[in-house]
Amino acid sequence: MKKIYLSSNLAWFLVLFGGFIEIFWVSGLKYSENFLQYCLTALGVLSSFICMIVAVKKIEVSVAYAVFVGIGTAGVVIAEILIFNEEFSLLKIFFVFMLLVGVIGLKLVS
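Here is what the cut-offs are and how they apply
Residues numbered from 1 in each chain as written. Predicted model: local features only at pLDDT ≥ 70, side-chain atom pairs only at ≥ 80, totals over all residues. Heavy atoms only, no water. Helix = DSSP H or I, 4+ residues; strand = E, 2+ residues; numbered from the N terminus. Buried < 20%, exposed > 50% of the residue type's maximum accessible area, 1.4 Å probe, protein only. pLDDT = per-residue confidence, 0-100. Contact = heavy atoms within 4.5 Å. Core = buried A, V, L, I, M, F, W, Y, C linked by side-chain atoms within 4.5 Å. Salt bridge = Lys/Arg side-chain N within 4 Å of Asp/Glu carboxyl O. Expected span 1.5 Å × (residues − 1).

J.: Any chance you could explain unusual backbone geometry here in plain terms?
T.: Notably, N85 is not glycine yet its phi reads approximately 55°, a positive angle. Tracing the chain through its elements places N85 in the loop between α3 (61-82) and α4 (90-109). According to the relative accessible area criterion, N85 is exposed, its value standing at 68%.

J.: It is not clear to me how the confidence of the model for the chain should be interpreted in this structure. Could you clarify?
T.: In the predicted model, the chain carries a mean pLDDT of 90, and the fraction of residues at 70 or more is 97%. The least confident element of the chain, judged by mean pLDDT, is α4 at 86; the most confident is helix α2 (residues 35-55) at 95.

J.: Could you clarify how one ought to interpret the side chain of E80 in this entry?
T.: Relative to the helices and strands, E80 resides in helix α3. With relative accessibility at 10%, the residue E80 sits in the buried group. When sequence neighbours within four positions are dropped, the list of residues in contact with E80 reads S27, K30, Y31, N85 and E86.

J.: Any chance you could explain the nonpolar core here in plain terms?
T.: The nonpolar side chains of a soluble globular protein tend to be buried, and buried together. Core analysis: the largest hydrophobic core is formed by 14 residues, its most contacted members being W12, V15, A55, I59 and V67. Listed by contribution, the elements that provide at least two residues to this core are α1 (8-31), α2 and α3. What W12 contacts, discounting residues up to four positions off in sequence, is I59, V63, A64, V67 and K107.

J.: Sorry if this is basic, but what is going on with the pattern of salt bridges here?
T.: Close approach of charged atoms allows side chains of opposite charge to pair. By the definition in use, this model includes two salt bridges. E80 is the partner of K30 in a salt bridge, and the nearest nitrogen-oxygen pair spans 3.8 Å. Of the two residues, K30 sits in helix α1 while E80 sits in helix α3, which places them 50 residues apart along the sequence. E86 is the salt-bridge partner of K92, the closest N and O atoms lying 3.6 Å from each other.

J.: Explain α1 here, please?
T.: Because each turn of an α-helix spans 3.6 residues, side chains separated by three or four positions end up pointing in the same direction. Compared with the 34 Å implied by 1.5 Å per residue over 24 residues, the 35 Å span of α1 between its first and last C-alpha is a close match. Along α1, the positions that sit buried rather than exposed are A11, W12, L14, V15, G18, G19, I21, E22, I23, W25, S27 and G28. On its buried face, α1 is in contact with α2, α3 and α4.

J.: What is the right way to read the environment of F20 from this model?
T.: Note that F20 resides in helix α1. Residue F20 is classed as partly exposed on the basis of its relative accessible area, which comes to 45%. It is 21 Å that separates the C-alpha atoms of F20 and L36, two residues lying 16 residues apart in sequence.

Put into structure tokens, the structure is as follows:
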């Protein structure tokens, strides 16, 4: 089997991209209503985790996973407020901000 070279930058791009995809599939878990939408949700789950699996070949698992889940969590909260009319709360935004601060802090110390 041929080994693929993976730079740190590409690995971090995959983590960020996988986290971004996670925003969509998590919302898909709640809002899917037909077979096609469920299939797209499953495709999102698969692609985001493939990005993660490939990325952790190069970067630390604990930090990569925290960034991956942090992006997904923050993105879903923001998408729920902006797109799906979830109740806006300064406390929610504060905690999302704190989550992002923690994720960025982990990235900086790794």
